Structures are given as structure tokens and as C-alpha cells.
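# A look at the structure
These are the residues of each chain, in order.
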Amino acid sequence: QVQLVESGGGLVQAGGSLRLSCVVSGSIFSINDMGWYRQAPGKQRELVAAITSGGSTNYADSVKGRFTISRDNAKNTVYLQMNSLKPEDTAVYYCNANVRRWYSPARNDYWGQGTQVTVSS
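Quick caveat: nothing in here was measured; it's all calculated off a predicted structure. (Residues numbered from 1 in each chain as written. Predicted model: local features only at pLDDT ≥ 70, side-chain atom pairs only at ≥ 80, totals over all residues. Heavy atoms only, no water.)

Moving on: unusual backbone geometry. For Ser84, which is not glycine, the phi dihedral falls at a positive 50°. Residue classification places Ser84 among the partly exposed positions, given a relative accessible area of 41%. (Buried < 20%, exposed > 50% of the residue type's maximum accessible area, 1.4 Å probe, protein only.)

In this section: the pattern of salt bridges. Any two side chains of opposite charge can pair, on the condition that their charged atoms come close. Taken as a whole, this structure holds four salt bridges when the rule is applied. Of the charged contacts in the structure, one is a salt bridge between Lys64 and Asp61, with a shortest N-O distance of 3.1 Å. Here Asp61 falls in the exposed class, since its relative accessible area comes to 66%. One network of salt bridges, with partners in common, ties together Arg38, Glu46, Arg66 and Asp89. (Salt bridge = Lys/Arg side-chain N within 4 Å of Asp/Glu carboxyl O.)

The subject of this paragraph is the environment of Ser27. Mapped onto the elements of the fold, Ser27 is located in the loop between β3 (18-26) and β4 (28-39). Taking the relative accessible area as the measure of exposure, Ser27 reaches 25% and is therefore partly exposed. A sequence separation of 57 residues divides Ser27 from Ser84, and the C-alpha atoms of the two residues are 37 Å apart. (Helix = DSSP H or I, 4+ residues; strand = E, 2+ residues; numbered from the N terminus.)

Ordered in space as β1-β3-β8-β7, the four strands form an open sheet in which the pairing is antiparallel. In this open sheet, the two edge strands, each paired with only one partner strand, are β1 (2-7) and β7 (67-72). Geometrically, the sheet is characterised by an average inter-axis angle of 15° between neighbouring strands, direction not taken into account. Sheet analysis places β3 next to strand β8 (residues 77-82), joined by six bridges and oriented antiparallel. Within β8, the position partnered with Cys22 by the bridge is Val78. (Pairing = 2+ DSSP bridges. Axes fitted to C-alpha atoms, helices over the stretch in contact; angles between N-to-C directions.)

What follows is about the state of the cysteines. With the rule as written, the count across this model stands at one disulfide. Residue Cys22 pairs covalently with Cys95 via a disulfide, S to S 2.1 Å. Disulfide Cys22-Cys95: torsion about the S-S bond near -85°, hence left-handed. Placement of the pair is Cys22 in strand β3 and Cys95 in strand β9 (residues 91-101), with a sequence separation of 73 residues. In this pair, the class of Cys22 matches that of Cys95, namely buried. (Disulfide = S-S within 2.5 Å.)

The next point concerns the packing of aromatic side chains. Counted under the stated rule, the structure contains three aromatic pairs. Taking the centre distance of 4.9 Å and the plane angle of 85° together, the rings of Phe29 and Trp102 count as edge-to-face. Of the two residues, Phe29 sits in strand β4 while Trp102 sits in the loop between β9 and β10 (107-111), which places them 73 residues apart along the sequence. Classification of Phe29 by relative accessible area gives partly exposed; the value is 41%. Judged by relative accessible area, which is 44%, Trp102 ranks as partly exposed. Through successive ring pairs, a cluster of aromatic residues spans Phe29, Trp102 and Tyr103. (Phe/Tyr/Trp six-rings, centres within 6.5 Å; stacked < 30°, edge-to-face > 60°.)

Here it is as C-alpha cells:
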């Protein structure tokens with residue numbers, strides 16, 4: 001099994017910062033792309049930021065220049081530093097990882113349980 005556990009969400013005022021963390025654990029041979037998604041009430045889940053195993057990143061236009069994704073491969077952890085937060089950033093944030101497990105050639109996507117981020121105006 002593979003588990004993803006997020007932390008770091010909370011309530012912050014507009015203009016503030018939060019740092020999300022997501023630790024991947026379990027029967028892991030390798031982790032490929034990792035990413036953060038978010039889903040606001042009444043909206044579809046959307047990609048916020050992604051990072052490859054080599055460190056290449058891409059961001060949603062709405063967060064470019066404000067959010068930074070990074071990863072620590074030794075710790076199987078991905079981070080999302082969120083600065084200059086806006087009320088429209090309010091959502092449940094989900095961690096995603098594409099994982100190859102031991103003794104299996106397949107690569108599958110796994111998701112965390114989500115962490116709430118609320119930005120007050």
C-alpha cells in the first residue's frame with residue numbers, strides 16, 4: 001500500500017503565507033511526478049503545481065509568482081509554499097504522487113486525504 005499524508009493547512013488572512021507538506025510512505029520503488037491540486041466548493045479539482053522527479057515544475061497561471069513547489073526525494077516529501085494568499089485560494093488542497101511500487105512495473109496515481117486552506121479577506 002501507498003499512503004499520502006498532508007499537513008500545513010489552516011486559516012490565514014489575505015496576504016499571508018502557508019506551507020503545505022505531503023509525505024509519501026509505503027511500498028515505494030520510485031516516485032515520479034508529484035503535485036498539488038485544489039478543489040473549491042462547487043468547482044472541479046484543478047492542478048495548482050507539479051514537479052517531476054528531476055525537479056522541473058509547472059504552475060497554474062493563477063498562482064505563478066506566489067506559490068512554489070519543491071520536493072525532498074530522500075524524504076519522499078513534496079512541499080507547497082504559498083505566499084500572498086488571496087481569498088480565491090480558499091479550497092481543499094490535495095497531494096498527488098505517481099508511484100511505482102516494489103515488485104510491480106506499473107505506475108499509479110495516489111492521493112492524499114486533503115487539507116483545508118481558508119483565506120479570509
